[in-house]
Amino acid sequence: MSIASETQKSIEFINYIFDTYITEDAIFSPYLWARKPENDPNTTSGAESFHAHYNSQFYSSHPNIYQVINVLEQIQVKIYTKCNVINKNIYNVPRKVILEKQAGISICQVKLRF
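What counts, and at which threshold
Residues numbered from 1 in each chain as written. Predicted model: local features only at pLDDT ≥ 70, side-chain atom pairs only at ≥ 80, totals over all residues. Heavy atoms only, no water. Helix = DSSP H or I, 4+ residues; strand = E, 2+ residues; numbered from the N terminus. Buried < 20%, exposed > 50% of the residue type's maximum accessible area, 1.4 Å probe, protein only. Contact = heavy atoms within 4.5 Å. Areas by Shrake-Rupley, 256 points an atom, 1.4 Å probe, with all protein chains shown as cover. pLDDT = per-residue confidence, 0-100. Polar contact = N/O pair within 3.5 Å; in protein donor to acceptor, adjacent residues only side chain to side chain. Phe/Tyr/Trp six-rings, centres within 6.5 Å; stacked < 30°, edge-to-face > 60°. Core = buried A, V, L, I, M, F, W, Y, C linked by side-chain atoms within 4.5 Å. Axes fitted to C-alpha atoms, helices over the stretch in contact; angles between N-to-C directions. Parallel < 35°, antiparallel > 145°, perpendicular 65-115°, else oblique. Left-handed = near helix turned anticlockwise from the far one by under 90°. Nonpolar A, V, L, I, M, F, W, Y, C, P; charged D, E, K, R; others polar.

### Focus: the overall build of the protein chain
Scanning the protein chain from N- to C-terminus turns up five helices and zero strands. Reading the protein chain from its N end, one meets helices and strands in the order α-α-α-α-α. Out of the 114 residues in the protein chain, the part that is buried amounts to 11%. Nonlocal contacts in the protein chain, meaning residues at least 24 apart in sequence, comprise 5% of its contacts between residues at least 6 apart. Carbon and sulfur atoms provide 61% of the accessible area of the protein chain, an area that totals close to 10,400 Å².

### What about the confidence of the model for the protein chain?
Should the pLDDT be low somewhere, the predicted coordinates at that spot are not to be read in detail. Per-residue confidence for the protein chain averages 77 on the pLDDT scale, and 75% of its residues sit at or above 70. Across the protein chain, the secondary-structure element scoring lowest on mean pLDDT is helix H5 (residues 96–113), at 67, and the one scoring highest is helix H4 (residues 65–87), at 87.

### Section: the side chain of threonine 20
When you line up the elements, threonine 20 lands in helix H1 (residues 3–22). A polar atom in the side chain of threonine 20 sits 2.7 Å from the backbone oxygen of tyrosine 16. In contact with threonine 20, other than residues within four places in its own chain, are Ala26, Ile27, Phe28 and Ser29.

### Overview of the packing of aromatic side chains
The full count for this structure, using the stated rule, is two aromatic pairs. When the centroid spacing of 6.0 Å and the interplanar angle of 15° are considered together, the rings of phenylalanine 50 and tyrosine 54 count as stacked. Of the two residues, phenylalanine 50 and tyrosine 54 are both situated in helix H3 (residues 46–55); the distance of four residues between them amounts to about one turn of the helix. Classification of phenylalanine 50 by relative accessible area gives partly exposed; the value is 37%. Judged by centre distance (5.1 Å) and plane angle (75°), the rings of tyrosine 54 and phenylalanine 58 are edge-to-face. Take tyrosine 54: its relative accessible area is 18%, and that puts it in the buried class. Since its relative accessible area comes to 15%, phenylalanine 58 is described here as buried. Through pairs of rings, three or more aromatic residues link up here, namely Phe50, Tyr54 and Phe58.

### Here we look at the nonpolar core
Core analysis: the biggest nonpolar cluster contains five residues, these being Tyr54, Phe58, Val68, Val71 and Ile75. The element contributing the most residues to this core is H4, with three residues. In this view, valine 68 contacts Tyr54, Phe58 and Pro63; residues no more than four positions away in its chain are not counted.

### Some details on the packing of H3 against H4
In contact at an axis separation of 11 Å, H3 and H4 are set at 135° when each is read in the N-to-C sense. Taken as axis vectors, H3 and H4 run oblique relative to one another. Seen along the crossing, H3 lies across H4 with a hand that is right-handed. Judged by residue contacts, Phe50, His53 and Tyr54 of H3 engage Val68, Val71, Leu72, Ile75 and Lys78 from H4. A breakdown of the residues in the contact of H3 with H4 according to their chemical character gives six nonpolar, one polar and one charged.

Now the structure itself:
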């Protein structure tokens, strides 16, 4: 194998990574994977958040393949559900009881600061 062919393969791979993940018009732009996750502030990216949640689903370091498949199917169902909700413009409106609890908590936090 020549050095030129290895260099060409490296350039093609770098271009693939750049076009797929780095540029603003990439298939998986940095907006998707490099922003702070909303649900888990202890991680620095969405990928870390996903892996932390994924790893917490298992009780051993080498789980049974059927357990892995079951967890992946559950994750897939959640993602499909979220995508369908977004595509249909369905918004989750909080119930009155939840809004009242949130208002009460924020009032207590304000009182504690003074």
